[in-house]
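Single-letter residue listing:
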Amino acid sequence: MQSASSFQVDISPPKIDGFADGTAGIPYIHLLDSGRPGPTAMISAVVHGNELCGAIVAAELLSSGFHPACGRLFVAFMNVAAFKSFDPDHPDQSRYQDEDFNRVWDTDRLDGPATTREVRRAQEVRPIVEQVDYLLDLHSTSSFSPPMMLSGLDSRAVEFARALGTDHAIICDAGHKAGRRMRDFDRFRPETGAGISLLVECGQHWQTGTVTVARDVTDRFLRLLDMRDGPTPTANPDQTVLTVTDAVTVMHSGLRFVESFNGLECIPKKGTPIALDGPNTIETPYDNCYLVMPTRHALPGQTAVRFARKAGI
Ligand SMILES: [Zn+2]
């Protein structure tokens, strides 16, 4: 774990105890039903307990008395137990309790025994997630990366991300070897489900600007679905779309990057060293290679960084 002095925490976790009962039969899951036809959407917060921006936006939405103009909107606090353990002096230590909630969404694991608290919570919220047509899953990153919209390998999600009209890069990726993310759950896979999901990395975990991004994306999401009054977002034709080609899995403890990469850097030349992993030097595999989510202090078996290229190149 990184030492506490490495982090600056500029935002505070909102109080969410008042949302504990929920209105969908499950703690901390709220259903806002317009009573009119329309899609079923979800805004998801704290899949990772120390990523505060989603919790702030979800709490604001519920506190404001928001009522969707059509369809149904679930507002969900996911890994609440981890979120409640957030300590600003050790802000990196509340990502999860037993295991990463965003790696347990393989159907086999959800159908199996609740071996961890995260699996138990995923099993609890699964019947709700299975109803969702449009998922906005709000996250943040440890590095000071520009915001990114993770669409998975789903062209429908890429188009949905474009329709939101931001200038955030869209990242097409297959996820993690360590287990399936909620955004890749069967409901949101083109071959198995009708739902469309976007995971948005809004910025660094504890920066005020990250909350601003989360608010903006949420507002666009609600307007695009006609749930909130206001102009429909206009797609940005210049939005960058990157396709992840490789995920670098850490092989040795103590992997370190040769520079303090934040993410979305474009490395012009193939073969440029970017990290040292034990005796191995990790190099870029092609020209104009983008680095996606370089993770300092990643442990063996975890993803250290992904390589990506611009779509169409
Ligand atoms: Zn996250």
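In this text the structure is predicted, and so the values were computed from the model without any measurement.

## Concerning the environment of Phe-83
Part 1 of the reasoning: Looking at the element boundaries, Phe-83 is found in helix α2 (residues 80-84).
Part 2 of the reasoning: In this structure the C-alpha to C-alpha distance between Phe-83 and Leu-52, which are 31 residues apart in sequence, comes to 8.1 Å.

## Details of the sheet that holds strand β12 (residues 280-283)
Part 1 of the reasoning: Taken in spatial order, the three strands line up as β9-β11-β12 in an open sheet, and their pairing is antiparallel. With one partner strand each, in any of the chains shown, β9 (256-257) and β12 form the two edges of the open sheet.

## A word on the coordination of the zinc ion
Part 1 of the reasoning: Within the protein, the atoms that donate to the zinc ion are His-48 (ND1), Glu-51 (OE), Glu-51 (OE) and His-139 (ND1), at distances of 2.1 to 2.4 Å.
Part 2 of the reasoning: With four donor atoms in place around the zinc ion and angles of 57 to 148° between them, the coordination shape is irregular.
Part 3 of the reasoning: Here the donor residues of the zinc ion share one chain and are spaced in sequence as H-x2-E-x87-H. Taken together, the residues span a long stretch of sequence, with His-48 in the loop between β2 (40-45) and α1 (52-63) and His-139 in strand β4 (residues 134-141) at a distance of 91 residues.

## What about the confidence of the model for the protein chain?
Part 1 of the reasoning: Per-residue confidence for the protein chain gives a mean pLDDT of 94, with 97% of residues at or over 70.
Part 2 of the reasoning: Across residues 1-5 the pLDDT falls below 50, and counting only partners more than four positions away or on other chains, this stretch makes seven contacts in the model.

## What about the state of the cysteines?
Part 1 of the reasoning: Under the definition given, this model contains zero disulfides.
Part 2 of the reasoning: Here Cys-53 is not cross-linked by a disulfide; its sulfur's nearest cysteine counterpart is in Cys-202, at 4.2 Å.
Part 3 of the reasoning: A relative accessible area of 0% places Cys-53 in the buried class.

## Observations regarding the environment of Ala-55
Part 1 of the reasoning: The residue Ala-55 is located in helix α1 in this model.
Part 2 of the reasoning: Classification of Ala-55 by relative accessible area gives buried; the value is 0%.
Part 3 of the reasoning: Not counting chain neighbours up to four residues away, the residues in contact with Ala-55 comprise Pro-14, Ala-45, Val-46, Phe-77 and Phe-83.

## Re unusual backbone geometry
Part 1 of the reasoning: At Val-46, a position not held by glycine, the phi torsion is positive, near 45°.
Part 2 of the reasoning: Position of Val-46 among the secondary structure elements: in the loop between β2 and α1.
Part 3 of the reasoning: The class of Val-46 is buried, set by a relative accessible area of 1%.

## Structural notes on the UniProt feature "domain: Succinylglutamate desuccinylase/Aspartoacylase catalytic" (unreviewed entry) in the protein chain
Part 1 of the reasoning: Following the UniProt record, one finds the feature "domain: Succinylglutamate desuccinylase/Aspartoacylase catalytic" (unreviewed entry) at residues 37-188.
Part 2 of the reasoning: As annotated, residues 37-188 has a helix share of 29% and a strand share of 18%, and its two end C-alpha atoms lie 21 Å apart.

## So, the nonpolar core
Part 1 of the reasoning: If you look at the biggest cluster of nonpolar residues, it comprises 52 residues, and the most contacted ones within it are Leu-73, Phe-77, Phe-160, Phe-221, Leu-222 and Met-227.
Part 2 of the reasoning: Among the elements that take part in this core, α1 stands out by supplying nine residues, more than any other.
Part 3 of the reasoning: Residues contacting Leu-222, with those up to four places away along its chain left out, are Ile-43, Leu-61, Phe-66, Leu-73, Met-227 and Arg-228.
Part 4 of the reasoning: In terms of nonpolar packing, the next biggest core, distinct from the first, is built from 21 residues, Met-42, Phe-74, Leu-110 and Met-182 among them.

## With respect to helix α5 (residues 155-163)
Part 1 of the reasoning: Buried residues of α5: Ala-157, Val-158, Phe-160 and Ala-161, and no others. Viewed end-on, α5 has its buried residues packed into an arc of 165°, placing them on one side of the element.
Part 2 of the reasoning: For α5, the secondary structure elements touched by its buried residues are β4, β5 (148-150), β6 (169-172), β7 (196-204) and α6 (208-224).
Part 3 of the reasoning: Where α5 terminates, the next one or two residues include Gly-165, which has phi positive at roughly 75°.

About the criteria used
Residues numbered from 1 in each chain as written. Predicted model: local features only at pLDDT ≥ 70, side-chain atom pairs only at ≥ 80, totals over all residues. Heavy atoms only, no water. Helix = DSSP H or I, 4+ residues; strand = E, 2+ residues; numbered from the N terminus. Pairing = 2+ DSSP bridges. Donors = N, O, S within 2.8 Å, 3.2 Å for Na, K, Ca; no water. Tetrahedral: all angles 85-135°; square planar, octahedral: opposite > 155°, others 65-115°. pLDDT = per-residue confidence, 0-100. Contact = heavy atoms within 4.5 Å. Disulfide = S-S within 2.5 Å. Buried < 20%, exposed > 50% of the residue type's maximum accessible area, 1.4 Å probe, protein only. UniProt positions renumbered as here; feature names shortened; annotations may be inferred. Core = buried A, V, L, I, M, F, W, Y, C linked by side-chain atoms within 4.5 Å. Arc of directions from axis to C-beta.

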